[in-house]
Amino acid sequence: FMARGRPVLGERKECLGAVVTIVDITNMKVLDRLKSEFVAKVSHELRSPLSTIHEQLALVLNDLMGQLSESDEHLLSRAKEKTQGLISTIGDLLDLSRIESGITCQELKPVQLEELLGNIVDFLGTRARTKSQSLTLEHPDQPLPTIKADPLALESVFGNLIANAINYTQNGGEIVVRLDMTGINLRIRVIDNGFGIEERYLDKIFDRFFRVKTDKTRFITGTGLGLPIVKGLVESLKGRISVESAPEKGSTFTVLLPVD
Ligand code: ADP
């Protein structure tokens, strides 16, 4: 059931009572589950033929290297890139439907975030360097408490956020991953001085397939599924995510995760 209420006020704004609406959302939940199952099934069915097409295009391109006209080579390469894009979208859709239906086979163990974030920063540092960006991790000298979580889920959360910071920041930009404690939560901020996001889009970017298209971001490839996956995973860890951003100034994504 879902309940909504509002007060009933008198002429002098005194409270006379309240109207409460209680809605039975069983059908909505069932429909939601059927939708998730349908998306998962269709995605699964599409993935293997698409992978075959992708492999075969790669083989043809390789075998005919140097024998194709420039335009044919361009067409085949575009077809190969597009199938790769579809394969990533399908992978993301499958992940998302698993997270939404709660069937994630998460293996919970104590995780030291300094180390996990350090590995991601090392790994993605190569990509940042190709854009002459600096990517650094800052954390207190004393060890922070561990959190009980699935390391793969955490890698997906911070890998996505840091990859976005790299993608949506100009060459030569700066990205800082800052880790500290606030109250009972570990706080991880991914801060960039990149393209930023207009205020009116800030709550929409967590919706599936939503992508902000500006002159600077139009040609950046992506699926629009990264942030919904990140949000779903953070919530499955009982955490919260928020964003602050301003166009041309940059963005800060903040994740709060309760410690053990
Ligand atoms: P994708 O990156 O595949 O498009 P996401 O769900 O990860 O999908 O992000 C949704 C949109 O949010 C992006 O298309 C981009 O417009 C915006 N966005 C995400 N991260 C940033 C960032 N660090 N700076 C600016 N815009 C961002």
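Residues numbered from 1 in each chain as written. Predicted model: local features only at pLDDT ≥ 70, side-chain atom pairs only at ≥ 80, totals over all residues. Heavy atoms only, no water.

### Topic: the pattern of salt bridges
Move 1: Here the structure, examined in full by the defined rule, presents eleven salt bridges.
Move 2: Across the salt bridge formed by Glu 45 and Lys 41, the nearest N and O atoms sit 3.5 Å from each other. Of this pair, Glu 45 and Lys 41 are both found in helix α1 (residues 26–63), four residues apart, which corresponds to roughly one turn of the helix.
Move 3: With its nearest N and O atoms 3.1 Å apart, the salt bridge here joins Arg 189 to Asp 180. In this structure, Arg 189 and Asp 180 share a single accessibility class: buried.
Move 4: Several salt bridges converge on common partners, so that one network encompasses Asp 180, Arg 187 and Arg 189. (Salt bridge = Lys/Arg side-chain N within 4 Å of Asp/Glu carboxyl O. Helix = DSSP H or I, 4+ residues; strand = E, 2+ residues; numbered from the N terminus. Buried < 20%, exposed > 50% of the residue type's maximum accessible area, 1.4 Å probe, protein only.)

### Quick notes on the nonpolar core
Move 1: Ranked by size, the top nonpolar core spans 47 residues in total, and within it Leu 113, Leu 135, Leu 154, Phe 158, Leu 161, Ile 162 and Leu 257 carry the most contacts.
Move 2: No other element matches the nine residues that helix α4 (residues 151–167) contributes to this core.
Move 3: Setting aside chain neighbours within four positions, we find Leu 113 in contact with Gly 118, Ile 147, Leu 154, Phe 158, Leu 179, Leu 186, Ile 188 and Leu 257. (Core = buried A, V, L, I, M, F, W, Y, C linked by side-chain atoms within 4.5 Å. Contact = heavy atoms within 4.5 Å.)

### Quick word on the packing of α4 against helix α5 (residues 226–236)
Move 1: Contact geometry for α4 and α5: axes closest at 9 Å, N-to-C directions at 145°. Helix-helix and strand crossings are classified by hand; for α4 and α5 the assignment is left-handed. Taking contact as the criterion, the partners of Ala 153, Ser 156, Val 157, Asn 160, Leu 161 and Asn 164 in α4 are, on α5, Gly 226, Leu 227, Ile 229, Val 230, Leu 233 and Val 234.
Move 2: A breakdown of the residues in the contact of α4 with α5 according to their chemical character gives eight nonpolar, four polar and no charged. (Axes fitted to C-alpha atoms, helices over the stretch in contact; angles between N-to-C directions. Left-handed = near helix turned anticlockwise from the far one by under 90°. Nonpolar A, V, L, I, M, F, W, Y, C, P; charged D, E, K, R; others polar.)

### Details of the packing of helix α3 (residues 113–130) against α4
Move 1: Packing of α3 against α4 brings their axes to within 10 Å, and their N-to-C directions diverge by 35°. Like other packed secondary-structure pairs, α3 and α4 cross with a definite hand, here right-handed. Residues Leu 113, Leu 116, Leu 117, Ile 120, Val 121, Leu 124, Arg 127 and Ala 128 of α3 lie in contact with α4, whose contacting residues are Pro 151, Leu 154, Glu 155, Phe 158, Gly 159, Ile 162, Ala 163, Ile 166 and Asn 167.
Move 2: Broken down by class, the residue content of the contact of α3 with α4 amounts to 13 nonpolar, two polar and two charged.

### Thoughts on the sheet that holds strand β6 (residues 174–182)
Two strands in a sheet stick together by hydrogen bonds in their backbones, pointing the same way (parallel) or opposite ways (antiparallel).
Move 1: Pairing is mixed in the open sheet, where five strands are placed in the order β4-β6-β7-β9-β8. Whereas interior strands pair on both sides, the edge strands pair on one side only; in this sheet they are β4 (134–138) and β8 (240–246). Neighbouring strand axes in the sheet, compared pairwise and without regard to direction, differ in orientation by 15° on average.
Move 2: Relative to β6, β4 runs parallel, the two being bridged by five bridges. Paired with Leu 135 across the bridge in β6 is Ile 175. (Pairing = 2+ DSSP bridges.)

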